[in-house]
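Here are the chains, one letter per residue:
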Amino acid sequence: DAGITQSPRHKVTETGTPVTLRCHQTENHRYMYWYRQDPGHGLRLIHYSYGVKDTDKGEVSDGYSVSRSKTEDFLLTLESATSSQTSVYFCAISRGVNSGANVLTFGAGSRLTVL
Amino acid sequence: TQLLEQSPQFLSIQEGENLTVYCNSSSVFSSLQWYRQEPGEGPVLLVTVVTGGEVKKLKRLTFQFGDARKDSSLHITAAQPGDTGLYLCAGENSGNTPLVFGKGTRLSVIA
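Residues numbered from 1 in each chain as written. Chains lettered and ligands numbered in written order. Predicted model: local features only at pLDDT ≥ 70, side-chain atom pairs only at ≥ 80, totals over all residues. Heavy atoms only, no water.

Draft legend 1. Here's a closer look at the nonpolar core. Counting residues in hydrophobic clusters, the biggest one holds 22 residues, and the most contacted among them are Leu19(B), Leu32(B), Trp34(B), Phe63(B), Leu74(B), Ile76(B) and Leu107(B). Apart from the residues within four sequence positions on either side, Ile76(B) is in contact with Glu17(B), Asn18(B), Leu19(B), Arg60(B), Leu61(B), Asp83(B), Tyr87(B) and Leu107(B). Counting 19 residues, the second largest nonpolar core, distinct from the first, contains Ile4(A), Leu21(A), Ile93(A) and Leu112(A). (Core = buried A, V, L, I, M, F, W, Y, C linked by side-chain atoms within 4.5 Å. Buried < 20%, exposed > 50% of the residue type's maximum accessible area, 1.4 Å probe, protein only. Contact = heavy atoms within 4.5 Å.)

Put into structure tokens, the structure is as follows:
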């Protein structure tokens, strides 16, 4: 296995509550990504990180924040969850181009339902 | 904004048939990656094509990168039920900018 785990795998919450999803890697990869996957939209990038404390926005970053205080963990926070944030969230890691390949290894996903 | 258009969106075929999935863009990419995703799992890399005109084979799967590096195709020969899944293409730009993903082709192979 690639050594990437997401938690929780399933969560049901109510509108307005904060939610944090965790991505943990044991590969020491520099790059980490959060995507959401919805029918008809494919994979959409929320935020990504290119190092500890270095993050940038993706195409659907509104309503989400991230933090990366150490190489192995990348947290995705929904400050006040809305029903439109019901989705499957995937974390991915990569070594980056400078290490030979910008290919992604994905976690198994976190299914979030906001009621 | 760079876009990757995949076609068809959905494909349902009988076991043993051949099929081709397309990934097209108006933008040039430094490489194209293909991933397969099975239900309840994350996408898994199948192949990366880097050179314009490159052809790579993975058992019954043949991947081609267009000469101009703007498009790619995936051809499956004699499809099996195990080929069922969501096929995603992803374009890579130079540098470490995030990949651009297509919306995927959902393939169902019926025994």
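Now that the structure is up, let's keep going.
Draft legend 2. Representation of the state of the cysteines within the structure. For the coordinates displayed, the defined rule picks out two disulfides over all chains. The disulfide partner of Cys23(A) is Cys91(A), and the S-S distance across this bridge is 1.9 Å. Between Cys23(A) and Cys91(A), the S-S dihedral sits near -75 degrees, and the bridge is therefore left-handed. Here Cys23(A) is found in strand S3 (residues 19–25), whereas its partner Cys91(A) is found in strand S9 (residues 87–94), with 68 residues between them in sequence. The pair Cys23(A) / Cys91(A) is uniform in exposure class, with both members buried. Paired through a disulfide, Cys23(B) and Cys89(B) show a sulfur-sulfur distance of 2.0 Å. (Disulfide = S-S within 2.5 Å. Helix = DSSP H or I, 4+ residues; strand = E, 2+ residues; numbered from the N terminus.)

Draft legend 3. Structural context of the side chain of Gln33(B). With respect to the helices and strands, the residue Gln33(B) is situated in strand S4 (residues 31–37). A polar contact of 2.5 Å, which involves the side chain of Gln33(B), links it to the side chain of Tyr35(B). If we ignore the near neighbours within four places in the chain, the residues touching Gln33(B) are Asn102(A), Val103(A), Leu104(A), Leu45(B), Val47(B), Thr48(B), Leu88(B), Cys89(B), Ala90(B), Glu92(B) and Leu99(B). (Polar contact = N/O pair within 3.5 Å; in protein donor to acceptor, adjacent residues only side chain to side chain.)

Draft legend 4. Just the sheet that holds strand S7 (residues 61–65) of chain B, in detail. Residues and elements named next belong to chain B. One open sheet accounts for five strands, arranged S1-S3-S8-S7-S6; its pairing is antiparallel. Of all the strands in the sheet, the pair left with one neighbour each is strand S1 (5–7) and strand S6 (55–58). Ignoring strand direction, the axes of neighbouring strands in this sheet form an average angle of 15 degrees. (Pairing = 2+ DSSP bridges. Axes fitted to C-alpha atoms, helices over the stretch in contact; angles between N-to-C directions.)

Draft legend 5. Examining the interface of chain B and chain A more closely. Listed by partner, the interface residues are 19 residues for chain B and 21 residues for chain A. Together, Asn96(B), Pro98(B) and Phe101(B) form the three largest contributors to the area buried by chain B at its contact with chain A, with a combined 37%. At the junction of chain B with chain A, the criterion picks out four residue pairs in polar contact (both at pLDDT 80 or more). Residue assignment for the side of chain B that touches chain A shows that the elements contributing at least two residues are S4, strand S5 (44–49) and strand S9 (85–92) of chain B. Looking at the side of chain B that touches chain A residue by residue, the classes come out as eight nonpolar, eight polar and three charged. (Buried area = accessible area lost by both parts, 1.4 Å probe. Nonpolar A, V, L, I, M, F, W, Y, C, P; charged D, E, K, R; others polar.)

Draft legend 6. Here's a closer look at the pattern of salt bridges. All names here are of chain A. Taken as a whole, this structure holds six salt bridges over all chains when the rule is applied. The salt bridge partner of Arg22 is Asp73, with a shortest N-O separation of 3.1 Å. With Arg22 in strand S3 and Asp73 in strand S8 (residues 73–78), the pair connects residues that are 51 residues apart, well separated along the chain. Assessed through its relative accessible area of 34%, Arg22 is described here as partly exposed. Of the charged contacts in the structure, one is a salt bridge between Asp38 and Arg44, with a shortest N-O distance of 3.0 Å. Each member of the pair Asp38 and Arg44 is classed as buried. Several salt bridges converge on common partners, so that one network encompasses Arg22, Lys70 and Asp73. (Salt bridge = Lys/Arg side-chain N within 4 Å of Asp/Glu carboxyl O.)

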